[in-house]
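Results of the structural survey
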Amino acid sequence: MNCYTAKRPWSDRYHPKIRHIVGAQLLDVAADSFD
């Protein structure tokens, strides 16, 4: 399992909560070309 495969589920699970805390202007999902 590579690093991306291991960390993506964590990101998908916690991103909405983190975004709510820090604000949408500070955190956004990267485009696939940058991810």
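Whatever comes next refers back to the structure up there.
Residues numbered from 1 in each chain as written. Predicted model: local features only at pLDDT ≥ 70, side-chain atom pairs only at ≥ 80, totals over all residues. Heavy atoms only, no water.

**Remarks on the overall build of the protein chain**
Within the protein chain, the regular secondary structure consists of one helix and zero strands. Per-residue burial for the protein chain yields a buried fraction of 6% across its 35 residues. Of the roughly 3,300 Å² that the protein chain leaves accessible, carbon and sulfur atoms contribute 60%. (Helix = DSSP H or I, 4+ residues; strand = E, 2+ residues; numbered from the N terminus. Buried < 20%, exposed > 50% of the residue type's maximum accessible area, 1.4 Å probe, protein only. Areas by Shrake-Rupley, 256 points an atom, 1.4 Å probe, with all protein chains shown as cover.)

**Concerning the environment of arginine 8**
On the secondary structure map, arginine 8 appears in helix H1 (residues 3-22). Of the polar contacts made by the side chain of arginine 8, one reaches the side chain of tyrosine 4; its length is 2.9 Å. (Polar contact = N/O pair within 3.5 Å; in protein donor to acceptor, adjacent residues only side chain to side chain.)

**Points about the packing of aromatic side chains**
Ring pairs (aromatic) are described by centroid distance and by the angle formed between their planes. Overall, the coordinates contain one aromatic pair when judged by the stated rule. Each ring, one from tryptophan 10 and one from tyrosine 14, has its centre 5.2 Å from the other, and the planes form 45°; the classification is tilted. Here tryptophan 10 and its partner tyrosine 14 are both found in helix H1, four residues apart, which amounts to about one turn of the helix. Among the residues examined, tyrosine 14 registers a relative accessible area of 26% and is labelled partly exposed. (Phe/Tyr/Trp six-rings, centres within 6.5 Å; stacked < 30°, edge-to-face > 60°.)

**A word on H1**
The end-to-end C-alpha separation of H1 is 25 Å, well short of the 28 Å expected for 20 residues at 1.5 Å each. Glycine 23, located one to two residues past H1, shows a positive phi value of around 100°. (Expected span 1.5 Å × (residues − 1).)

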